[in-house]
Amino acid sequence: MDLKYGINDAFTLDLILVPDFGQTKYDDQILNLGPFEQQFNENRPFFTEGTDLFSKGNLVYSRRIGGNPINFPTVEANEEIIDNSGNINLINALKVSGRTKKGLGVGVLNAVTEKTTATIRNNDTQEIRKETVEPLANYSVLVLDQRFRKNSSVTFVNTNVARNGSFRDGNVTALVWDLNTKKNTYNLAGNLKYSYINDIEDKKGINSQLNFSETTGKYRYGAGAEIITKDFDNNDLGINFETNHYSFYGNTSYRILNPTKYLNTFNASINFFSQFQKETGKIQSNNINFELNLKNKKNHYLGIGFDANPLETFDYYEPRTASRYVIIPKKIEGFVYISTNYNNKFAIDLNPSFSAFDEPGRNSYSFSVGPRYRFNDKLAFNYNFNFSKQNNNKGYIDSINNMSLAIPNTIVIANRNIITYSNTLSGKYSLNSQMNFNISLRHYWSYAENKNILSLEQNGRLANLTGYTTNKNSSFYSWNTDISYSWWFAAGSQVSILYRNNAGAFERNINKDFRNNVTNLLTNDALNHVFSISVRYFLDYNEVKNKI
């Protein structure tokens, strides 16, 4: 059941009970070789509609609710996992949001997910046992946002995840401010966040940011700083990749405020960013960036950008081991983005880019092309092709403790080439203003082929490693197709019919036959088929009450 109830003119209640998200858009999965998880877009309507208040402080990543289990089942040598759900079912969720006449915005979000278990079989005795990978859990968010002077606000945010039993709990509290002068000339923005994790070992951490900027006129500037302690953790209901650092940044820009003879918009900016590891002071990131964006009188867009990392940096995340780092060489890169006017029947997006490291043969390049054509007021198609290649990329593949190798207790790094192809097609045909057909198709293939194997030394440099023979190549390909029909047969009421097929595979052996890879995806047993019919009828409580 989905319920929307107007509490009064200012506040609305939204409620879902045992929701069905089967017709939600698929995720664009990629070959993820980095140290951090892939961040997905939120496509579930309940978590995308009316959620402006909950974005304050950037503490809520709603994909955590009903996401992956926090634990992986433990198995003995004679056991195997025969069932382990990758997703957690959402039992119910509600949100209340609105703003009073005095400018106080109030947002409350609460969701409950069910207990999830994995099924494990003993191969010797054939006994079956269950292991909890995610207990019954409650997710809650509270936001109090006070506006004043019509252009400033101070916000209190609290997020909490409570899991049943002796599992990890997480709580984050934040104070967020966005202050503007009366004439909106200057802005002072910032936040102070505090996290507390209740686990086997309790952890407390702080994340704070302060930014000052001029916000009017042709010439503008800004500067800021951020600090995050080692134990700051908001990943139970949020997402945060990097901790234990402090950073400084600044920017300056020029723009036109009114259209000129040749241009509708023009903006040029220079940005600076530096990040340091908090305990050692080693520089983790340094970047100087120049960007130019303009739109001419025909509404064609051009963007140009150049980036430079003028210093070697120390990457503390790629080794996946505490206190270890790998040195990243200096780098320069640039891109061009062209987008013609979408109001024309035919339009196209073009985006080539290139980067080069201060290391022989280590570079990357990519390009994307996206033509779109509107046949008439009823039919339109968009296509996009992306290709990228990274030459001599260096990345983690293993950690080993083998005395037979030249270096025991070794972090293994691969020197590899990474090639990625992506094709997407979307189209829409409108029978009328109430009936539409939609198609969405995506094919993705990316592989990383290791050329030679290296070991990470204590000083962050790389050395040749002999004796390592494990195949750590990676190849991931996926296919997704959605074909849907929707009919808005009454106000707020819809019939939706969806056919979906999808498949994906990860392999260590790389087959470079592009056509064969696509054929295998579409013909093997991994191709899943889904047919779904959804009927939603909007029942106006006031109208029913009046009739009664």
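Everything below is about the structure shown above.
Now for a look at the structure at hand.

About the criteria used
Residues numbered from 1 in each chain as written. Predicted model: local features only at pLDDT ≥ 70, side-chain atom pairs only at ≥ 80, totals over all residues. Heavy atoms only, no water. 1 Å grid on protein atoms, 1.4 Å probe; cavity = no way out; pocket = protein on both sides within 12 Å on 5 of 7 lines; lining within 4 Å. Points joined across faces, edges and corners; volume = space filled by probe spheres on them. Helix = DSSP H or I, 4+ residues; strand = E, 2+ residues; numbered from the N terminus. Nonpolar A, V, L, I, M, F, W, Y, C, P; charged D, E, K, R; others polar. Core = buried A, V, L, I, M, F, W, Y, C linked by side-chain atoms within 4.5 Å. Buried < 20%, exposed > 50% of the residue type's maximum accessible area, 1.4 Å probe, protein only. Contact = heavy atoms within 4.5 Å. Pairing = 2+ DSSP bridges. Axes fitted to C-alpha atoms, helices over the stretch in contact; angles between N-to-C directions. Patch = residues over 30% accessible without salt bridge, like charges linked within 9 Å, V, L, I, M, F, W, Y side chains within 5 Å. Areas by Shrake-Rupley, 256 points an atom, 1.4 Å probe, with all protein chains shown as cover. Salt bridge = Lys/Arg side-chain N within 4 Å of Asp/Glu carboxyl O.

Attention shifts here to the layout of surface pockets. Computed from the structure, the second largest pocket encloses a volume of approximately 1800 Å³. In this structure, the second largest pocket is lined by 46 residues; those nearest its centre are Asp2, Pro45, Glu49, Gln494 and Arg536. Elements represented by at least two residues in the lining of the second largest pocket include exactly β1 (2–6), β2 (11–17), α1 (45–48), β25 (435–456), β27 (474–490), β28 (493–507), β29 (528–536) and α3 (541–547). Partitioned by chemical class, the residues of the lining of the second largest pocket number 20 nonpolar, 14 polar and 12 charged.

Turning our eyes to something else, we now look at the nonpolar core. In terms of nonpolar packing, the biggest core is built from 21 residues, with Ile65, Leu90 and Tyr139 touching the most fellow members. For this core, the secondary-structure elements that each account for two or more residues are α1, β4 (90–99), β5 (104–113), β8 (137–148), β9 (152–163) and β10 (169–180). Residue contributions to this core peak at four residues, all from β8. Setting aside its immediate chain neighbours within four residues, Tyr139 contacts Arg64, Ile65, Leu109, Asn110, Ala111, Thr113, Glu134, Asn160, Val161, Arg163, Asp236 and Leu237. Counting residues in each nonpolar core, the second largest holds 12 residues, with Phe387, Leu441, Ala503 and Leu527 among its members.

For the rest of this paragraph, the subject is the sheet that holds strand β6 (residues 116–122). Spatial ordering of the open sheet is given by β3-β6-β7, a layout of three strands whose pairing is antiparallel. Each edge of the sheet is formed by a strand with only one pairing partner; in this case those strands are β3 (79–84) and β7 (128–134). Strand-to-strand twist in this sheet, taken as the mean axis angle between neighbours without regard to direction, amounts to 30°. As paired strands, β3 and β6 are joined by five bridges and run antiparallel to one another. Note on β6: the bridge partner recorded for Asn84 is Ala118.

This part covers empty space enclosed by the protein. Under the counting rule described, the total for this entry stands at one cavity of 30 Å³ or more. Size it by volume and the largest cavity reaches roughly 40 Å³. For the lining of the largest cavity, the elements supplying multiple residues, two or more each, are β9 and β10. Among the residues forming the lining of the largest cavity, the class breakdown is three nonpolar, six polar and two charged.

Attention shifts here to a nonpolar patch on the surface. On the surface, a cluster of nonpolar side chains totalling about 1000 Å² of accessible area is made up of Trp487, Phe489, Phe531, Ile533, Val535, Tyr537, Leu539, Val544 and Ile548. Only β27 and β29 provide two or more residues apiece to the nonpolar patch. Mapped onto the fold, Tyr537 is located in the loop between β29 and α3.

Among the structural elements, Ala347 can be located in strand β21 (residues 346–357). Taking the C-alpha atoms as reference, Ala347 lies 9.5 Å from His300; in sequence the two are 47 residues apart. Those residues in contact with Ala347 that sit more than four places away from it in its chain are Thr340, Asn341, Tyr342, Gly370, Pro371 and Arg372.

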